[in-house]
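Chain by chain, the residues run as shown.
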Amino acid sequence: MPPRVNGTPRRGQEPRRGASGDQPPAEASGREDDRTRGFGGIGDARAYTPRGRTVREGDQRTRSPRTGRNTDPFRPALQVLDGGRPVRDRGRETDEEPPPRRDRDGRGKPDERRDRDGRGKPDERRDQAREPRRDKRDQPAEKPARAARARTRADEDEWDETPRRGGRATAGAGRNRATANPRRGAAATRTDASARMARERKVAAPPGPRRAPAGRPARAAAPARPGTRRPAPLIPAAPPRLANGTRRLRLGTVLALTLFVAIGVRLVVLQVGGSAASAESLLKQRQNRLTEVVLPAPRGSILDSSGEALAHSVEARYIYADPEMIKDPVAAAAQLSPELGIPPSKLIQLMAKKKRPGGGASRFEYLARGVDIAIADKIAAMKIRGIGSDRDERRDIPGADLAANLIGFTGDDHTGLEGLEARYDTLLRGTDGKKVFEIGRGDLAKEIPGGYHRETGASPGSSIQLTINRDLQFEVQRVLSQQGEKSNATVAAAVVLNARTGEVLAQASYPAYNAAKPADFAPKDREDVATSVIADPGSTHKAFTIGAALEEGLINRDSLITVGPGLERGGYDFVDTHRLPAGTRLTIPGVLAYSSNVGTIRIADKLGKEKLYEYQQKFGLGRATNVGMPGEATGRLLAPDEWSGSASGSVPIGMSVDATLIQMTAGYGAIANDGTYIQPHLIKATISGKDGSVQPAPEPETHRVLKATTARELREMMESVVDAEGGTGGRAAVPGYRVAGKTGTGKMLVEGQYTKHNAGSFIGMAPAEDPQFVIGVFADVPDGTGGDVAAPAFSKMMSSALRHYRVPPSGNPEPTFKLRG
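Basis of the calculations
Residues numbered from 1 in each chain as written. Predicted model: local features only at pLDDT ≥ 70, side-chain atom pairs only at ≥ 80, totals over all residues. Heavy atoms only, no water. Helix = DSSP H or I, 4+ residues; strand = E, 2+ residues; numbered from the N terminus. Buried < 20%, exposed > 50% of the residue type's maximum accessible area, 1.4 Å probe, protein only. Areas by Shrake-Rupley, 256 points an atom, 1.4 Å probe, with all protein chains shown as cover. Pairing = 2+ DSSP bridges. Axes fitted to C-alpha atoms, helices over the stretch in contact; angles between N-to-C directions. Salt bridge = Lys/Arg side-chain N within 4 Å of Asp/Glu carboxyl O. Parallel < 35°, antiparallel > 145°, perpendicular 65-115°, else oblique. Left-handed = near helix turned anticlockwise from the far one by under 90°. Contact = heavy atoms within 4.5 Å. Nonpolar A, V, L, I, M, F, W, Y, C, P; charged D, E, K, R; others polar. 1 Å grid on protein atoms, 1.4 Å probe; cavity = no way out; pocket = protein on both sides within 12 Å on 5 of 7 lines; lining within 4 Å. Points joined across faces, edges and corners; volume = space filled by probe spheres on them. pLDDT = per-residue confidence, 0-100.

**Let's talk about the overall build of the protein chain**
- Helix and strand content of the protein chain: 26 helices and 26 strands.
- Looking at the protein chain as a whole, 44% of its 821 residues qualify as buried.
- Of the roughly 42200 Å² of accessible surface on the protein chain, 51% is carried by carbon and sulfur atoms.

Right, here's the structure in full:
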């Protein structure tokens, strides 16, 4: 059927989409000329896929969103074909006809087609189809309109492929109307497309020149008809190039390396090139997240000479607060105060938010230490936010008041405050550890796992072993307390020395106190009287004066000293307590037995003040003994140039001399030790808290005071004080043992003033022939002498010491003395 006059095809015969107007449409039989194979137009070009298949354009428009995701938006745009030919071949035309097609068996056939009814020839049909179009060329106004309508129909029509017998596919071989049923057409198109994808069909391509079989001449191309323009063979467009994976990989690698380099440079800048302000800011932020907890070092023990504990630490708990977590300090303090025994005002102050010295908020504050475990568990059951407890220690004194005045006590922070605890605090307490860790913010104030954590372990303190024997200490302390209460003493003291080593075997004070509860006692009740109380030694000093005169050869045992009613020196009268008639002459043992002041002053006049002062120093007066107690008093001596008119009468008899009981007892120790002075000491050894190794204490200082013969002669004469009839120290006798000693009565010095009380004392040694112990007893009493208040206590203490150490009784009887001339 010929086309309409205006060039629009009739309804039953539409031109192929994208076909050139110069070429005739395909016949109704469904066959087309070989020269029109390939891309039929822009619609087929749009439907082209890189896999060599074609899909219906309607499928591309009506495909569901899920299906449309399979399309690649990065594929390069396809070339637009014009007139069934690539753009690059538009200018190339040829008059050559394509070679004839061949059958499956390879034999050549003329390239011709017939209608279904077998009428007509190919050349005639093409000529008839071209004639009208050549006539229409003279109508230029209709050509643009016809081209526009052809493009519109091409967009509306849906073309399909029809597989050919030889495995080829022809574009535009069949067509369906997209307006008939778009949804059905889309579904059909998807079905057809799936089938085509499974078969992996190729886009139709124009057949090229074929070689003739061997031995058969190739057929010549049919000559072109005169005046006829032959179209150029259709060449399919090359498949678009896919994305380059290697290029993408290289680009990703470069980006990753660039990122790592940038991070590394930034880290170097922060570590090396950061400013002081930025470093300070980072440090401040870090400090706000860090919590520091002190790890208390186990405090060393104080042991007696046999290794028994006099003071040691036991497990307890400490209560702490995190001020940043406590929201109501007042309510928390009200709950904790009854359990801890601390005023609420103090607890509120401790729980208040504050800054640490190094910067940052304080996250740890001690509320109480040494708390009993039961109380700590009760506080933990309250579940007060910001309040916690941890392991701690509490100082325990097993003997309560046993040697309490020596041992002293510690504070809540385990720092020694008095006594040996204070004197050797550095050695006992060790070195505290420290734990610093990072915590979270807000309610989760717990250690962050894997965060900053640094822990320095605590170094335990060393223990000290004393020379004190707890059993003897207990007995001495018991006797002293009884005598102090009996004589209504204000203060009293007793010291037991090992005469051969200078070790302090017992050192007691009255009144005693419970070191476990020091706050319940007044400070004066906690003093160690033997080392801190100064008093006039009184007549006990006469042994030093007589011993110096013996050593200098000025007197001997049989020397007679005239005594009388008294002497006057510097306006003061010095008389004897035991009044004797004027002109009475006493031997040296008599002077000691009767404690004659006049006889001692006359012996000192022979010695001279310089020599007396020299021997006073040799016996250890005027300086601290360094026995080991803190705050030991040094006493005081009058130098010869300081003597007044009365000093020649007062100094020889122990007046105008300030001394402690430990000083006087150590001086008597020189007499007991055959004239060699040994520094008294309390520390026997130290025991390491790390490995338990024992380090003996340094050897005590010693020096010669008297010759051994002089010391033995003096000891024998001093026995008259206890054994002679009328002697002042008769109450100091110990049955079965020879005792040598001297009584004394002076005045106690308090804040530079002498008291009205009497400072009675007795210092002696036993057995006199070979002394093992030296004991000094002192008591400040309203009335009485040393022979009345101190001698009885000495007798009991010496008897206990001799029995405890199993010292055999004296084998020789007491010597007889001639007291008067």
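**Details of the sheet that holds strand β22 (residues 740-746)**
- Within the open sheet, the five strands sit side by side as β12-β11-β26-β25-β22. Their pairing is antiparallel. Whereas interior strands pair on both sides, the edge strands pair on one side only; in this sheet they are β12 (504-510) and β22. Between one strand axis and the next, the sheet turns by 5° as a mean value, whatever way the strands run.
- Examined bridge by bridge, strand β25 (residues 758-766) and strand β26 (residues 773-781) share nine bridges and lie antiparallel to one another. The residue of β26 that forms the bridge with Gly 760 is Ala 779.

**So, unusual backbone geometry**
- At the junction of Tyr 510 and Pro 511, the peptide bond is cis and its omega measures out at 0° in the coordinates.
- The topology assignment puts Pro 511 in the loop between β12 and α16 (529-532).
- Along the chain, Ala 766 connects to Pro 767 via a cis peptide bond; the corresponding omega equals -20°.
- Within the element layout of this structure, Pro 767 appears in the loop between β25 and β26.
- The phi angle at Asn 626 is positive, at roughly 55°, despite the residue not being glycine.
- Relative to the helices and strands, Asn 626 resides in the loop between α20 (609-618) and α21 (647-650).
- Despite not being glycine, Asp 674 has its phi angle at roughly 60°, a positive value.
- Secondary-structure assignment places Asp 674 in the loop between α22 (661-672) and β18 (676-678).

**Quick look at the pattern of salt bridges**
- Inspection of the entire model under this criterion finds 24 salt bridges.
- For Glu 315, the salt bridge identified is with Arg 317, shortest N-O distance 3.0 Å.
- Using a relative accessible area of 40% as the deciding quantity, one classes Glu 315 as partly exposed.
- Residue Arg 369 is joined to Asp 392 by a salt bridge in which the shortest nitrogen-to-oxygen separation is 3.0 Å. Placement of the pair is Arg 369 in strand β6 (residues 365-371) and Asp 392 in strand β7 (residues 387-396), with a sequence separation of 23 residues. Asp 392 carries the same exposure label as Arg 369, and that label is buried.

**Brief notes about the sheet that holds strand β9 (residues 453-456)**
- The three strands lie next to each other as β3-β8-β9, forming an open sheet whose pairing is antiparallel. The sheet is open, and its two edges are formed by β3 (290-295) and β9, each paired on a single side. Each neighbouring strand pair of the sheet contributes to a mean axis angle of 15°, computed without reference to strand direction.

**Examining the packing of helix α9 (residues 329-340) against helix α10 (residues 344-351)**
- Running from amino to carboxyl end, α9 crosses α10 at an angle of 125°, the nearest separation of the two axes being 8 Å. Between α9 and α10, the angle falls in the class oblique. Considering the relative orientation of α9 and α10, their crossing is right-handed. Together, Pro 329, Val 330, Ala 332, Ala 333, Leu 336, Ser 337 and Leu 340 of α9 and Pro 344, Leu 347, Ile 348 and Met 351 of α10 make up the contact between the two elements.
- Along the lines of polarity and charge, the residues of the contact of α9 with α10 split into 10 nonpolar, one polar and no charged.

**As for empty space enclosed by the protein**
- Using the criterion set out here, one finds nine cavities of 30 Å³ or more in the structure.
- Computed from the structure, the largest cavity encloses a volume of approximately 130 Å³.
- If you trace the largest cavity, you find 14 residues lining it, with Ala 535, Ala 659, Thr 660, Leu 661 and Phe 778 closest to the centre.
- Elements supplying a minimum of two residues to the lining of the largest cavity: α22 and β25.

**Points about the confidence of the model for the protein chain**
- With 67% of its residues at a pLDDT of 70 or more, the protein chain has an overall mean of 77.
- In the model, residues 75-145 has pLDDT below 50 throughout and makes 121 contacts with residues more than four positions away in sequence or in other chains.

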